[in-house]
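Examination of the molecular architecture
Next come the chains, spelled out residue by residue.
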Amino acid sequence: MGKVLVAYFSASGVTAGVSKKLAGAIGADLHEIVPEQAYTNADLNWMDKKSRSSVEMNDRNSRPAIVSKVDNMEQYSTVFVGFPIWWYREPSIIDTFLEAYDFSGKTIVPFATSGGSGMGDSSNIMQSLAQDAKVVEGKRFSRSASENELKKWAEEWI
Ligand SMILES: Cc1cc2nc3c(=O)[nH]c(=O)nc-3n(C[C@H](O)[C@H](O)[C@H](O)COP(=O)(O)O)c2cc1C
């Protein structure tokens, strides 16, 4: 088996916490997907139809720029991709991430945190953007998910 990567985007820290726990629990490398322009509280206001997140999520072609780069993506056979659920799916910056690398032959395992809703359409959309990869259904976790819970779930793919 090749190496395992946990790559995550987190706007307010919840997914970051779960991602670090997951990477620690399974001994994976950890990579933060860092937006070129950080999301402010105003950007994240879902009540405002004109906020940055609302505008991005209303446009399926939105691809917010990323400044961080994974070294040697070739070395990984499994990539866990973590994000907050935004409007019942993955944030547009995850779409940018998926289009930035060659994932052929790799398994992509989505995971998320949310205010309560599940993965929604995330996996299907992600599969359409990384067609040469195998994108599994993935799972939504609460912010208090334990290392043990994360490890048990992740073991299927590592
Ligand atoms: C723009 C926006 C849209 C959101 N949409 C949803 C949603 O559809 N369902 C849900 O349960 N939570 C939703 N949330 C809540 C986040 O998924 C939740 O707070 C998440 O844990 C934040 O993770 P983070 O701290 O890693 O950014 C939304 C949050 C934002 C900012």
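See the structure printed just above.
Described in the following lines is the structure provided in the data block. (Residues numbered from 1 in each chain as written. Predicted model: local features only at pLDDT ≥ 70, side-chain atom pairs only at ≥ 80, totals over all residues. Heavy atoms only, no water.)

**Considering the site of the ligand**
Heads up, the rule is: Only heavy atoms are used to decide nearness, and a residue is near a molecule or strand if one of them lies within 4 Å of it. The definition of a polar contact used here is a pair of N or O atoms within 3.5 Å, where within protein one atom must be able to donate a hydrogen and the other to accept one, and adjacent residues in sequence count solely through side-chain atom pairs. Method for areas: the Shrake-Rupley scheme with a 1.4 Å probe, in which residue coverage is limited to the protein chains shown. For this scheme, ten residues count as nonpolar: Ala, Val, Leu, Ile, Met, Phe, Trp, Tyr, Cys and Pro. Four count as charged, namely Asp, Glu, Lys and Arg, and the remainder, Gly too, count as polar.
In the vicinity of the ligand, 19 residues are found, and the nearest of them are S10, S12, T15, T113 and S117. One of the side-chain N or O atoms of S12 is found 2.5 Å from an oxygen atom in the ligand. Note that an oxygen atom of the ligand is positioned 3.0 Å from one of the backbone N or O atoms of G116. Considered on its own, the ligand offers 650 Å² of accessible surface; in the complex 86% of this is hidden by protein. Class assignment for the residues of the shell around the ligand results in nine nonpolar, ten polar and no charged.

**Digging into the packing of aromatic side chains**
Where we set the bar: When the centres of two rings from Phe, Tyr and Trp lie within 6.5 Å, Trp using its six-membered ring, the rings pair. Their planes under 30 degrees apart give stacked, over 60 give edge-to-face, and anything left gives tilted. Strands are runs of DSSP state E lasting at least two residues, helices are runs of H or I lasting at least four, and both sets are numbered from the N terminus onward. Each residue's exposure class comes from its accessible area (1.4 Å probe, protein chains only) as a fraction of the maximum for that residue type: buried when under 20%, exposed when over 50%, partly exposed otherwise.
Applying the stated rule across the entire model yields ten aromatic pairs. Consider the rings of Y39 and W86, whose centres lie 5.3 Å apart with planes at 80°: the pair is edge-to-face. Residue Y39 is found in the loop between β2 (29-32) and α2 (52-57), and its partner W86 is found in the loop between β3 (76-84) and α3 (92-99); the two are separated by 47 residues along the sequence. Summarising the burial analysis for this pair, Y39 and W86 share the class buried. On the basis of an interplanar angle of 70° and a centroid distance of 4.9 Å, the ring pair of F141 and W153 is categorised as edge-to-face. Pair noted here: F141 is in the loop between β6 (139-140) and α5 (147-154) and W153 is in helix α5, with a separation of twelve residues, a long-range link. W153 gets classed as buried once you look at its relative accessible area, which sits at 12%.

**A look at the environment of S10**
As a reminder, the rule being used: Throughout, a contact is declared for two residues whenever any of their heavy atoms are within 4.5 Å.
With respect to the element layout, S10 can be found in the loop between β1 (3-8) and α1 (14-26). Once the C-alpha coordinates of S10 and A154 are considered, the two residues, 144 residues apart in sequence, prove to be 20 Å apart. Every residue in contact with S10, bar those within four places of it in the chain, is listed here: T15, A16 and P84. Of the polar contacts made by the side chain of S10, one reaches the backbone nitrogen of G13; its length is 3.0 Å. Only 3.5 Å separates the side chain of S10 from the backbone nitrogen of T15, close enough to count as a polar contact.

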